[in-house]
Amino acid sequence: MRILHFNHHGTDVGGVEGYIIDASHALKRAGHESGLVYFEQDEPGDLLADISEFHEIVGSANQEYLLTQALDHFKPDIAFIHAVYDSIIVEWLIERLPVLTYVHGPYLVCPGSAQYLRRHRKVCPYQPGYMCLIRAQTEQCCFGRNPVRHWMQLRKVYSYLRTYRHLRVLVGSTFMRDLLIRSGIAGEQITISAPILLSSTTPFPQYNNRSRQILFAGRLVPEKGLDILIRAMGNVNGQWRLLIAGEGPERSRIEALVQHLNMQDQVEFLGWCSESRMERLYEQSAFVVIPSLWPEPYGRIGIEAAIHGRPAIAFDVGGVGDWLTDGMNGCLVPANDTHSLTACIQRLLDDYDYRQRLGRHAYEYAFERWSEVEQVDRLVSHFEAALTYWK
C-alpha cells in the first residue's frame, strides 16, 4: 500500500512528527511505502528523508496545482492526514482519494489550539462557541487580545468540524475521543490508536539507577508547567539535579526564577537535544517529570522514559491517565498540586527499590501495550476500512 502523509511541518518539531516517523518506518518494514506532503515553507522537508524520496512542499500559492502534482507523482492508495490547518485542503483530498485522519491535538475544536485557559492555568471545560470570543479576551488563550483574529480562528474551528464529521478519525487517548464527541463528531467514527510504535523488545536496562538526576523534556512555554516544577524542587530535601531539555519563549523567565530561588547549581538548561543525547539523558536520570497544565493529548516523553526503564511523575491532565497508572508505572498527581508533586519527587529520589520497581513495570507495560507489529496491523486495517468506504 502507498500511503501519502499530509502534515503542516516537514521536519521533526514535536510529537506529531515523531509519530509520522515511527509509523512510516514501521509501515515500511511491513512492506508499505510512505511519502510526505507538508505546508511550512521555511523547513527542509527532511522528516522521512531516510526512508522515502518523496517530500513535496505545498506553499500558499498554486495549492491545487501542487497537490495534483503530488498525487500524480506518488500515486497514493490513501491520504493519511495529520496536522493540516486548512479544511479546504482536507475537503479537496476527500474528493479525490480515500482519507484517514489522525487528530493529534485540540486544534480541531479549540480556537486557541490547546483547550487551555492561560490566565487561570487550567484545562478549558468549554465547547467551541461565541463564548470563546469573550474568554479569549479575559484568558488570553487565543493568540493575544485580537478579537478579529479570534473570530477568524473560531470560524476555522467550525469549518474543521463540518469537514471532519464525515471522516474516519484516529485519536491517541480517551480524552481526545471525548473532546471530539463533545464537539459533535460521532463516536462511531472515532478510534483510539496510541501514537506509539515500539519496534523491538530489548532486555531491561541494567545500568545503575541510583542517580538523583531528574529530567524535564519539552518546549519552554507556560502550559508545560516548568515553573511549578522548579518551585516544587525548592522543597525537595537532599542532593538532586534537574536537567531541562528544550527551548522556548519562557526560557528567560524560568532562568530568572531559578536565580531568584538560588538554584543555579542544581538546575541546568540544556537547550534543544538530539535524539542520541536524549537517549543518554534517559539513561543517566532517575525519572522524568511531566508537569503539564494543558491537556496533553498523550504525553510521549513518559513512554520514551519507560523504554529506558524510567518511571514518570506527571500531572493528571488530558490523555496522560491513559498510560500512567499511579503506583504501577509512575506517579499520577492532581493537576497544579505542588505539594503532591514535591512529595512524589522526594519519594522517588529516596526510595531506590520503589523507583526500580516502577521503572521495571513501566518498561514491561510499554512493550506489552505498544508492540509495533500489533499497532501496524491495526493501522493497516484502518486504511483498508477507509479504502472500502471510499469504494
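Quick note: structure is the one above.
Residues numbered from 1 in each chain as written. Predicted model: local features only at pLDDT ≥ 70, side-chain atom pairs only at ≥ 80, totals over all residues. Heavy atoms only, no water.

1. Details of the sheet that holds strand β2 (residues 33-38)
Within the open sheet, the 7 strands sit side by side as β3-β2-β1-β4-β5-β8-β9. Their pairing is parallel. Here the strands that pair on one side only, and so sit at the sheet edges, are β3 (55-57) and β9 (190-192). Between one strand axis and the next, the sheet turns through 25° on average, direction left out of account. Where β2 and β3 come together, 3 bridges link them in parallel fashion. Following the sheet pairing, Val37 is matched in β3 by Glu56. Packing against the sheet, helix α6 (residues 174-182) makes contact with β8 (169-171) and β9, and its axis sits at approximately 170° to β9. (Pairing = 2+ DSSP bridges. Helix = DSSP H or I, 4+ residues; strand = E, 2+ residues; numbered from the N terminus. Axes fitted to C-alpha atoms, helices over the stretch in contact; angles between N-to-C directions. Contact = heavy atoms within 4.5 Å.)

2. Structural notes on the packing of aromatic side chains
In the structure shown here, the tally under the stated rule is 8 aromatic pairs. Ring geometry for Tyr19 versus Phe80: centroids 6.5 Å apart, planes at 80°, classification edge-to-face. Within this pair, whereas Tyr19 is found in helix α1 (residues 15-29), its partner Phe80 is found in strand β4 (residues 78-81), the two being separated by 61 residues in sequence. Each member of the pair, Tyr19 as well as Phe80, is classed as buried. Ring centres 5.2 Å apart and planes at 85° place the aromatic pair Phe80 and Phe383 in the edge-to-face group. Of the two residues, Phe80 is situated in strand β4 and Phe383 in helix α13 (residues 372-390); the sequence distance between them amounts to 303 residues. Residue Phe80 shares its accessibility class with Phe383, and that shared class is buried. Through a chain of ring-to-ring contacts, three or more aromatic side chains come together here, namely Tyr19, Phe80, Tyr102 and Phe383. Over the aromatic face of Tyr352 sits the side chain of Arg210, whose NZ or CZ is 3.7 Å from the ring centroid. (Phe/Tyr/Trp six-rings, centres within 6.5 Å; stacked < 30°, edge-to-face > 60°. Buried < 20%, exposed > 50% of the residue type's maximum accessible area, 1.4 Å probe, protein only. Lys NZ or Arg CZ within 6 Å of the ring centre and 35° of its normal.)

3. Some points on helix α7 (residues 226-233)
Most of α7 sits out of view: 7 of its 8 residues are buried. All of the buried residues in α7 are Leu226, Asp227, Ile228, Leu229, Ile230, Ala232 and Met233.

4. A closer look at the nonpolar core
Where a protein is soluble and globular, its nonpolar side chains tend to be buried together. Grouped together as the largest cluster of nonpolar side chains are 45 residues, with contacts concentrated most on Phe6, Val37, Val103, Leu108, Tyr164 and Leu180. The residues touching Leu108, leaving out its near neighbours within four places in the chain, are Val103, Val157, Tyr160, Leu161, Tyr164, Leu180 and Ile185. With 38 residues, the next largest nonpolar core counts Leu220, Val236, Phe269 and Cys331 among its residues. (Core = buried A, V, L, I, M, F, W, Y, C linked by side-chain atoms within 4.5 Å.)

5. Here's the deal with the packing of helix α11 (residues 338-350) against helix α12 (residues 352-369)
Contact pair α11 / α12: the axes reach a minimum separation of 5 Å and the direction vectors enclose 100°. In terms of orientation, α11 and α12 fall into the roughly perpendicular class. Contact residues: Arg347, Leu348, Leu349 and Asp350 in α11; Tyr352, Tyr354, Arg355 and Leu358 in α12. Looking at the contact of α11 with α12 residue by residue, the class counts come to 5 nonpolar, no polar and 3 charged. (Parallel < 35°, antiparallel > 145°, perpendicular 65-115°, else oblique. Nonpolar A, V, L, I, M, F, W, Y, C, P; charged D, E, K, R; others polar.)

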